[in-house]
Amino acid sequence: MKLVVVGSANTDMVVKTKKMPIPGETVLGGDFCMNQGGKGANQAVCARKLGMDVGFYARLGRDIFGENALKYYKELGIDTQKIELIPTSPSGVALITVDEKGENSIVVASGANSAVLPLDVEYAKDYINEFDGLLVQFEIPLKSVTTAIEVAYQRGKFIVVNPAPAKEINDRYFKMMDVLIPNRGEARQLLGMAPDDDSKTPEELAHLLRDKGAKAVVITLGTEGSFVSSQEGDFHVDCVKVNVVDTTGAGDAYCAALTCGCLWGKTLKEACEFASLVSALKVTKMGAQSSPTMEEVEKAGL
Ligand code: RIB
């Protein structure tokens, strides 16, 4: 099975801090580290480390960050033929603070990610057609995301959508999604609600998104696990309890593992359980791309 990820690539600049600063405040944090990141890249890397054949469609700047990232993806065996280094934009960068509980806050300077253009994605239709599944997030221009979805849908591919960071999307695309994986806030925003409007339960949110046409909806709930509504029925999947070091990229690992699981023929429930374990193992280590290899997952017990 082969998976193409169309999405973002960033270099993450990370500081651990005892306390997140409030507006106007300066706090002294811990050591600085610089890691590979970006939701698209995190998902592509996670899927590859699990053993999937992965193609990554992205744009990087023609700078040291872009060159390092490209080299790293190649070393992992990701197909990078559709990654271009753009001379006119810097590589995407994310400024990340991680608190003592491992929770993060992130600001992204998109840079070259904004140069993933819809027309280029359209031109890549033959490339996308070489894969069995498509995994997208919303960290590149939305029109490029919807073009990728449309191209993959017309060719009968398995489509997984992680709407992060959330933006409202035309209703016509929901029916093209085999699995939609938002967190609670993203689910609300897809439904035109405020991200902190807690008037609906995860079950209600999932049903409303399925009513729009998504075949399966998986609402990720952090330490509360995930709520799933699909043709297999409604069910809840527990999260795997671990010692949390850094939650950055946990959602990305979850989406990648779930997509791999589905492509490898697992039921959605099995794929969600697999994804819970993979994302739990990710949060035990610093860095957005510290997701486990399949060997590590097997050792951990699935
Ligand atoms: O999902 C985590 C990712 O969000 C980070 O790696 C950062 O680059 C931002 O894209």
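See the structure above.
Not measured: the values here are computed from a predicted model.

## A short note on the pattern of salt bridges
Point 1. Within the structure shown, the criterion is met by ten salt bridges.
Point 2. E25 is paired through a salt bridge with K19; the nearest N and O atoms lie 2.8 Å apart.
Point 3. The class for K19 is partly exposed, based on a relative accessible area of 41%.
Point 4. Note that D171 is salt-bridged to K212, the shortest N-O span being 2.8 Å. Of the two residues, D171 is situated in the loop between β9 (158–162) and β10 (179–180) and K212 in the loop between α7 (202–211) and β11 (216–220); the sequence distance between them amounts to 41 residues.
Point 5. What you see here is one network of salt bridges that share partners, running through R59, E84 and D120.

## Focus on the pairing of strand β5 (residues 83–86)
Point 1. Note that strand β4 (residues 53–61) and β5 share four bridges and pair parallel. By the bridge assignment, G61 is partnered in β5 with I86.

## Let's talk about the site of the ligand
Point 1. The environment of the ligand is made up of 13 residues, and the closest members are D12, G38, K39, E139 and D252.
Point 2. N10 places a polar side-chain atom, nitrogen or oxygen, 3.0 Å from an oxygen atom of the ligand.
Point 3. Take K39: an N or O atom from its side chain is 2.8 Å from an oxygen atom of the ligand.
Point 4. Taken by itself the ligand offers 280 Å² of open surface, and the protein chains cover 96% of this.
Point 5. Elements with a minimum of two residues in the shell around the ligand: β2 (10–16), α1 (39–49) and β7 (104–109).

## Here we look at the sheet that holds strand β3 (residues 32–37)
Point 1. Pairing is mixed across the open sheet formed by four strands, whose spatial order is β3-β2-β6-β7. A single partner strand is all that each edge strand has here, and the edge strands are β3 and β7. Sheet twist, expressed as the average angle between the axes of neighbouring strands with direction ignored, equals 25°.
Point 2. Pairing of strand β6 (residues 92–98) with β7 involves six bridges; the strand directions are antiparallel. Of the residues in β7, the one forming a bridge with V93 is A109.

## Focus: the nonpolar core
Point 1. F56, Y73, L258 and L268 are the most contacted members of the largest nonpolar core, which totals 47 residues.
Point 2. If you tally residues by element for this core, the top one is helix α8 (residues 250–263), at nine residues.
Point 3. The contacts of L268, once residues within four sequence positions are left out, are V179, A216, V228, S230, E232, F235, L258 and C262.
Point 4. If you look at the next biggest cluster of nonpolar residues, it comprises 37 residues, including V4, A124, I159 and V161.

## Notes on the environment of D211
Point 1. Among the secondary structure elements, D211 is positioned in helix α7.
Point 2. Here the alpha-carbon distance between D211 and K266, two residues 55 residues apart in the chain, equals 24 Å.

Reading the values: rules and limits
Residues numbered from 1 in each chain as written. Predicted model: local features only at pLDDT ≥ 70, side-chain atom pairs only at ≥ 80, totals over all residues. Heavy atoms only, no water. Salt bridge = Lys/Arg side-chain N within 4 Å of Asp/Glu carboxyl O. Buried < 20%, exposed > 50% of the residue type's maximum accessible area, 1.4 Å probe, protein only. Helix = DSSP H or I, 4+ residues; strand = E, 2+ residues; numbered from the N terminus. Pairing = 2+ DSSP bridges. Near = heavy atom within 4 Å. Polar contact = N/O pair within 3.5 Å; in protein donor to acceptor, adjacent residues only side chain to side chain. Areas by Shrake-Rupley, 256 points an atom, 1.4 Å probe, with all protein chains shown as cover. Axes fitted to C-alpha atoms, helices over the stretch in contact; angles between N-to-C directions. Core = buried A, V, L, I, M, F, W, Y, C linked by side-chain atoms within 4.5 Å. Contact = heavy atoms within 4.5 Å.

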